[in-house]
Amino acid sequence: MLDQGAPPHHDATAAPSSPGLAARLVRRKPVERLVAEGGQGEGGSLRRSLGLWQLTMISIGATLGTGIFVVLGEAVPKAGPAVTLSFVIAGLTALFSALSYAELAGTIPVAGSSYSYAYATLGELVAWICGWCLLLEYGVSVAAVAVGWGEYLNELLDGTIGVTLPAALSAPPGDGGIFNLPALIVVLLAMTFLLGGARESARANTIMVVVKIAALVLFCAIGVMGFRSGNYEHFMPLGMAGVSAAGATLFFSYIGFDAASTAGEEAKNAQRDLPRAIMLSLIIVTVLYVLVAAVAVGAKPWRNFTDSEASLAQIMTDVTGQSFWGTLLAFCAVVAIASVVLTVLYGQTRVLFAMSRDGLVPKVFSRVHPKTGAPRANTVIVSLFCGVLAAAIPLGQLADATSIGTLFAFALVNVAVVVLRRTRPDMRRTFRVPLSPVLPALGFGFCVWMMGSLSTVTWVVFGVWMAAGLVFYFVYGQRRSRLATPDTSGARTHQK
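Residues numbered from 1 in each chain as written. Predicted model: local features only at pLDDT ≥ 70, side-chain atom pairs only at ≥ 80, totals over all residues. Heavy atoms only, no water.

Caption draft 1: Just the overall build of the chain, in detail. Counting secondary structure elements, the chain contains 18 helices and two strands. Evaluated residue by residue, the chain yields a buried proportion of 56% over its 496 residues. The contacts in the chain between residues at least 6 apart in sequence include a share of 83% that link residues at least 24 apart. Total accessible area on the chain stands at roughly 19200 Å², and carbon and sulfur atoms take up 67% of it. (Helix = DSSP H or I, 4+ residues; strand = E, 2+ residues; numbered from the N terminus. Buried < 20%, exposed > 50% of the residue type's maximum accessible area, 1.4 Å probe, protein only. Contact = heavy atoms within 4.5 Å. Areas by Shrake-Rupley, 256 points an atom, 1.4 Å probe, with all protein chains shown as cover.)

Below is the structure:
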């Protein structure tokens, strides 16, 4: 049976013909061609320099950041001491999608993450929609996290030298400022590391991840000194409904574990290490979340968690009676959030790299610098866009669109793993989702349920973004897709 992505055969006597619109929308890119093109860009190739340790640190770096430092103040009032159970439920929800990511990352070890998985299984239009959602997820979240970095930087400056940046330079128009300079600075710092190549940026990220893990371990060691068992007497004061509500909030603290899958073309042994990195990072993050939540609630009565302002720092100050520890935690938060900016920005550039190589976005995004092995133009364009977005635009409800884009991509990955099992059962898989298709179906269902719980405004923003993406695809992408032209690389094979 002919490959669905193959163009019709032409010869010297036959008039050129092309598949109809419907056929172009569902054409798939064969897995073998995806893998064969791995690392290849315009003018150079990405370098395979990342091992299991670096890949795991990339996923932890993208996940473990703003969430744990502020989320307790939002989640504890909903669940009470049972917030620890909420973290476990949210982690299990993330686990369903992580299992599907792990199988596909080991089977299709390429840079595009869920975009490439959808291209191989669900067709070009669905792949484009998935890639467009990833651009929303990564781009907006970089900007949102960068804004948070500026707030923590002000806290650190106040605690160390007693000064803060003026509002005019630390907030965007509409939020009392003119230009959010710290937000732009942290994005440009991340860009500088990324321009040096994957190995150099991974090294910097690893250092930052070690710092923030050490900070959370230190919090647990200090916080346990103030532990009071009486704080757990009424474990579930708001019932299971409160636990579920807190779990839905906490799920977004797990977003980012899929970042390793965007490094598929720079991993030394992608098929072996990508599934391990995804699962290992999720386990480490979940254990840290549960431990921090358990210690925090034990050290501070749950009714006193009235807001999201520096809950962990306040607990450390209360337990020790010294402000030094709160300032130290603010420093670690600055490091933690910078790590998130770095790794998420990395993922954004690699998704665009894959889409550009397929012809769906301009070629400039797949140009690789021969010396560093990094897509330099891609990195600069994305960094400047995200930096200006963070510095000049109040994100507000727009930041919530990050969640809906992520959940949509997660849902498609759960579908893709089932489709590939049925269409290509003979493929070598270094990891297999247990109890398939039951667990992928649960992953898909949880994603849809959480999407349904988001606000109407978020859905409107998502609809506008998707409409803009479809216009771009039909005007540019589907006409310039490389699947519309004969493949001369020899990588194309027949596919069921």
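Caption draft 2: Expanded view of the packing of helix H6 (residues 114-121) against helix H7 (residues 124-160). H7 packs onto H6 with a crossing angle of 170 degrees between their chain directions and a minimal axis gap of 7 Å. The angle between H6 and H7 falls in the class roughly antiparallel. From H6, Ser-114, Tyr-115, Ala-118 and Tyr-119 reach across to H7, where they touch Glu-124, Val-126, Ala-127, Trp-128, Cys-130, Gly-131 and Leu-134. Among the residues forming the contact of H6 with H7, the class breakdown is eight nonpolar, two polar and one charged. (Axes fitted to C-alpha atoms, helices over the stretch in contact; angles between N-to-C directions. Parallel < 35°, antiparallel > 145°, perpendicular 65-115°, else oblique. Nonpolar A, V, L, I, M, F, W, Y, C, P; charged D, E, K, R; others polar.)

Caption draft 3: Representation of the state of the cysteines within the structure. Inspection of every chain in the model, using the stated rule, returns zero disulfides. No disulfide involves Cys-130; its sulfur sits 6.5 Å from the nearest other cysteine sulfur, which is in Cys-133. (Disulfide = S-S within 2.5 Å.)

Caption draft 4: Summary view of H7. The first and last C-alpha atoms of H7 sit 53 Å apart over 37 residues, in line with the 54 Å expected at 1.5 Å per residue. Extensive coverage of H7 is indicated by the burial of 28 of its 37 residues. At the C-terminal side of H7, Gly-162 shows a positive phi close to 75 degrees. (Expected span 1.5 Å × (residues − 1).)

Caption draft 5: Inspection of the pattern of salt bridges at higher detail. Overall, the coordinates contain 12 salt bridges when judged by the stated rule. A salt bridge links Asp-358 to Lys-29, with the shortest nitrogen-to-oxygen separation between them at 2.3 Å. Of this pair, Asp-358 sits in the loop between helix H14 (324-357) and helix H15 (376-392) while Lys-29 sits in the loop between helix H1 (21-26) and helix H2 (31-36), placing them 329 residues apart in sequence. Each member of the pair Asp-358 and Lys-29 is classed as buried. A salt bridge links Arg-421 to Glu-103; the nearest nitrogen and oxygen atoms lie 2.8 Å apart. With a gap of 318 residues between them, Arg-421 in helix H16 (residues 401-423) and Glu-103 in helix H5 (residues 83-107) connect regions that are remote in the sequence. A relative accessible area of 18% places Arg-421 in the buried class. The class for Glu-103 is buried, based on a relative accessible area of 1%. (Salt bridge = Lys/Arg side-chain N within 4 Å of Asp/Glu carboxyl O.)

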